[in-house]
Amino acid sequence: MNSIALFLKDFQKGTELTNRLTALNMNVTFAESIYDLPDQCRIGILDLDEVKFGNVKFISELSSQTNMILLGYMEIIQKESRDKLIAAGCDLVILKSSLFKNIQSLIKELLK
């Protein structure tokens, strides 16, 4: 079973994501740091609007110390912020609405 780590503080959104991801037979973990990750975690989903997770230092650390695909989402994407987060190691930055609407197809595509 593939593992996904959710780096977010909104438990309502976390519950919604968890329900959709478990339908794909994914093991979901809520994480606040690199030390909370299960072994062999394949994907990290980050709320980039959250100060703790949406900063270059956190993304860089996560990217350099894991082999996870990092998928970040934001309410509004600004090019400058997006470019910095991508350079820090975030593999994909998408709109929050797109993530919640298309999570299952996104995950299937990322795990190919």
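Residues numbered from 1 in each chain as written. Predicted model: local features only at pLDDT ≥ 70, side-chain atom pairs only at ≥ 80, totals over all residues. Heavy atoms only, no water.

Participant: Give me the overall build of the protein chain: which residues, what numbers.
Facilitator: In terms of regular secondary structure, the protein chain is built from four helices and five strands. Reading the secondary structure of the protein chain in the N-to-C direction produces β-α-β-β-α-β-α-β-α. A compact globule built from 112 residues would reach a C-alpha radius of gyration of about 13 Å, and the protein chain, at 13 Å, matches this within 12%. Across its three principal directions, the C-alpha atoms of the protein chain cover 35 × 30 × 30 Å. Relative to its 112 residues, the protein chain shows a buried fraction of 41%. Carbon and sulfur atoms provide 47% of the accessible area of the protein chain, an area that totals close to 6300 Å². One way to put it: in the protein chain the 13 positive side-chain charges average out to a point 5 Å from where the 14 negative ones average out. (Helix = DSSP H or I, 4+ residues; strand = E, 2+ residues; numbered from the N terminus. Rg over C-alpha atoms; globule rule 2.2 N^0.38 Å. Buried < 20%, exposed > 50% of the residue type's maximum accessible area, 1.4 Å probe, protein only. Areas by Shrake-Rupley, 256 points an atom, 1.4 Å probe, with all protein chains shown as cover. Lys, Arg positive; Asp, Glu negative; His and termini not counted. Charge placed at Lys NZ, Arg CZ, Asp CG, Glu CD.)

Participant: For the side chain of T29, give the residues involved together with the corresponding values.
Facilitator: Topologically, T29 is positioned in strand β2 (residues 27–30). Among the residues examined, T29 registers a relative accessible area of 18% and is labelled buried. In this structure, T29 is in contact with I4, A5, L6, D36 and P38, ignoring residues within four places of it in sequence. (Contact = heavy atoms within 4.5 Å.)

Participant: Help me get a handle on the sheet that holds strand β3 (residues 41–47), residues and values and all.
Facilitator: The strand order β2-β1-β3-β4-β5 describes an open sheet built from five strands, whose pairing is parallel. Pairing within the sheet leaves two strands with one partner each, and these edge strands are β2 and β5 (92–95). Looking at each pair of strands side by side, their axes are set apart by 25° on average, direction ignored. Sheet topology places strand β1 (residues 3–7) next to β3; five bridges connect them, and they run parallel. The partner of L6 across the bridge, within β3, is I45. (Pairing = 2+ DSSP bridges. Axes fitted to C-alpha atoms, helices over the stretch in contact; angles between N-to-C directions.)

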